[in-house]
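Chain by chain, the residues run as shown.
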Amino acid sequence: MLNLITYFYSAPFVPGILLADVWHGKHSALEPAGTAASEIATLFWAMAVGAAVIWLSMIVLGVYCFRTHQGMHPPRLPWFIIGGGMAVPSVVLAVLLGFGLSAMPRLVGPAPEGSLRVHVTGEQWWWRVSYEHPQGLDTQRVELANEIHLPVDRAVEFVLDSADVIHSFWIPSLAGKVDTFPGRETRLVVTPTSEGVYQGICAEFCGGAHAWMEFTVVVESPEAFDAWLAEQATPSNTLHDEGATRGRTLFRQQGCGACHSIRGNVARSRVGPDLTHVGSRHSIAAGRLPNDRLSLVRWLRDPKGLKPEALMPSFAMLSDEDLESLAAYLHGLK
Ligand code: HEC
Ligand SMILES: [Cu+2]
């Protein structure tokens, strides 16, 4: 009877997976777009089918016993317990363990020779992303925030760490999740197999704005990727109009450079996200807002209102005109 109750309890998991938001879309672990994710999806399906088969056979067996044999006879009972209670679970667990252990090296490294390497640091509450310079300049890294571009069909090794607390780096469509720790590097190897735009998230509660710690992953052709990286490696110098020119002056006057870096401008600090090409990103503040001028103004006016505990001060004391000029300058940094 106890067994029956246990198996009935596991039943909701079947409709659960059918209804789950993981089924489709830009962050679906069941619609894999990378080698690691498809391996995990295969394991998931094997386990789901296995669990369904075991669950169904237990129900059938239970009904059969209650209907026709009121209570099993002692001579057969020990074999039933040894078989169903010990042998079957041991075999099932051993097979799963073998599968898991054999997949591990492919999922967490070391990466194959010639892989692209991307460093990602989890920060409260955004992701610092940095690439080695396309011309191999050791001292110069190409840095940005909350956005990762990858060439399709090439292995990439993510080198992960954290600046503060434990975060967890997860791109459900491409691979499994890996925790990031302060003072310790973890690794994840991914080979994206289809072009597209995917969503990554932080999968470990890390404080106030944890739910707003998303990032965008763009998987594109090798040519498009090379062009993008070369563009990101250039300093920014675009000033479209008078508003943007005013914005640049305000950026210096208001001390934004105490926390931000804009290559080509005087700002060099690494407290907050690098803003060199902030105008080219899909979103701002780790997925909190779309990237347009109005959203930039809203962000500058009230970061903590938009993201609880955000570590950027409010600039609500500036006039609308000043905020709009700053937004024009930032939006022009493509
Ligand atoms: C005390 C440090 C600090 C100062 C000063 C500061 N910022 Fe920030 N800024 C941050 C931090 C930290 C974040 C990341 C917030 C998050 O996403 O949780 C951020 C995020 C941003 C973003 C979003 C970037 C992205 O890619 O998502 C913009 C734009 C920005 N700041 C502009 C400015 C401007 C303009 C000023 C000056 C008027 C300024 N900041 C002053 C710390 C600061
Ligand atoms: Cu988090």
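Residues numbered from 1 in each chain as written. Chains lettered and ligands numbered in written order. Predicted model: local features only at pLDDT ≥ 70, side-chain atom pairs only at ≥ 80, totals over all residues. Heavy atoms only, no water.

## Some points on the pairing of strand β4 (residues 147–151)
For a regular strand, side-chain orientation follows a simple rule: the groups alternate between the two sheet faces.
Step number 1: Most of β4 sits out of view: five of its five residues are buried.
Step number 2: What you see with β4 is no split at all: Glu147, His149 and Pro151 on one side and Ile148 and Leu150 on the other are buried throughout.
Step number 3: In this sheet, strand β10 (residues 215–220) lies alongside β4 in parallel orientation, the contact comprising five bridges. Opposite Pro151, over in β10, you have Glu220 as the bridge partner. (Buried < 20%, exposed > 50% of the residue type's maximum accessible area, 1.4 Å probe, protein only. Helix = DSSP H or I, 4+ residues; strand = E, 2+ residues; numbered from the N terminus. Pairing = 2+ DSSP bridges.)

## Observations concerning the site of ligand 1
Step number 1: In the region of ligand 1, 24 residues are neighbours, and Cys256, Cys259, His260, Ala285 and Met312 sit closest.
Step number 2: Between an oxygen atom of ligand 1 and a side-chain N or O atom of Arg281, the distance comes to 2.8 Å.
Step number 3: A distance of 2.6 Å is found between an oxygen atom of ligand 1 and a backbone nitrogen or oxygen belonging to Ala285.
Step number 4: When residues in the shell around ligand 1 are grouped by element, the largest group, three residues, is from helix α7 (residues 293–301).
Step number 5: The class makeup of the residues in the shell around ligand 1 is 18 nonpolar, four polar and two charged. (Near = heavy atom within 4 Å. Polar contact = N/O pair within 3.5 Å; in protein donor to acceptor, adjacent residues only side chain to side chain. Nonpolar A, V, L, I, M, F, W, Y, C, P; charged D, E, K, R; others polar.)

## Concerning the packing of helix α3 (residues 35–68) against helix α4 (residues 77–108)
Step number 1: Two elements in contact, α3 and α4, have axes separated by 11 Å at closest approach and are oriented at 175°. Compared by their axis directions, α3 and α4 come out roughly antiparallel. Contacts from Ala36, Glu39, Ile40, Leu43, Met47 and Leu61 in α3 reach Phe80, Leu96, Phe99, Ala103, Arg106 and Leu107 in α4.
Step number 2: Residues of the contact of α3 with α4, tallied by class, amount to 10 nonpolar, no polar and two charged. (Axes fitted to C-alpha atoms, helices over the stretch in contact; angles between N-to-C directions. Parallel < 35°, antiparallel > 145°, perpendicular 65-115°, else oblique. Contact = heavy atoms within 4.5 Å.)

## Regarding the coordination of the iron atom of ligand 1
Step number 1: Binding of the iron atom of ligand 1 to the protein goes through His260 (NE2) and Met312 (SD), at separations of 1.9 to 2.1 Å.
Step number 2: Coordination at the iron atom of ligand 1 is octahedral, judged from the six donor atoms that bind it and the angles of 88 to 178° they form at the metal. Pair noted here: His260 is in the loop between α6 (242–253) and β11 (283–284) and Met312 is in the loop between α8 (303–306) and α9 (320–331), with a separation of 52 residues, a long-range link. The two residues His260 and Met312 agree in class, both being buried. (Donors = N, O, S within 2.8 Å, 3.2 Å for Na, K, Ca; no water. Tetrahedral: all angles 85-135°; square planar, octahedral: opposite > 155°, others 65-115°.)

## A word on a negative patch on the surface
Step number 1: Among the surface-exposed residues, Asp153, Glu195, Glu223 and Asp226 lie close enough to one another that they form a single negatively charged patch.
Step number 2: Among the structural elements, Glu195 can be located in the loop between β8 (186–190) and β9 (196–202). (Patch = residues over 30% accessible without salt bridge, like charges linked within 9 Å, V, L, I, M, F, W, Y side chains within 5 Å. Areas by Shrake-Rupley, 256 points an atom, 1.4 Å probe, with all protein chains shown as cover. Salt bridge = Lys/Arg side-chain N within 4 Å of Asp/Glu carboxyl O. Lys, Arg positive; Asp, Glu negative; His and termini not counted. Charge placed at Lys NZ, Arg CZ, Asp CG, Glu CD.)

## Structural notes on the pattern of salt bridges
Step number 1: With the rule as written, the count across this model stands at 10 salt bridges.
Step number 2: Arg270 is paired through a salt bridge with Glu143; the nearest N and O atoms lie 2.6 Å apart. Within this pair, whereas Arg270 is found in the loop between α6 and β11, its partner Glu143 is found in strand β3 (residues 141–145), the two being separated by 127 residues in sequence.
Step number 3: Judged by its relative accessible area of 51%, Arg270 falls in the exposed class.
Step number 4: Residue Glu143 is classed as buried on the basis of its relative accessible area, which comes to 9%.
Step number 5: Linking Arg301 and Asp320 is a salt bridge whose minimum nitrogen-to-oxygen distance equals 2.9 Å. Here Arg301 is found in helix α7, whereas its partner Asp320 is found in helix α9, with 19 residues between them in sequence.
Step number 6: On the accessibility criterion, Arg301 (34% relative accessible area) is partly exposed.
Step number 7: Three or more residues are tied together by salt bridges with common partners; here these are Arg117, Glu157, Glu185 and Arg187.

## Looking at the nonpolar core
Step number 1: Grouped together as the largest cluster of nonpolar side chains are 38 residues, with contacts concentrated most on Tyr131, Ile148, Phe158 and Phe169.
Step number 2: With four residues, helix α5 (residues 222–233) is the single largest residue contributor to this core.
Step number 3: The residues touching Phe169, leaving out its near neighbours within four places in the chain, are Val120, Trp127, Ile148, Phe158, Leu160, Gly176, Lys177, Val178, Thr180, Leu188, Ile201 and Phe215. (Core = buried A, V, L, I, M, F, W, Y, C linked by side-chain atoms within 4.5 Å.)

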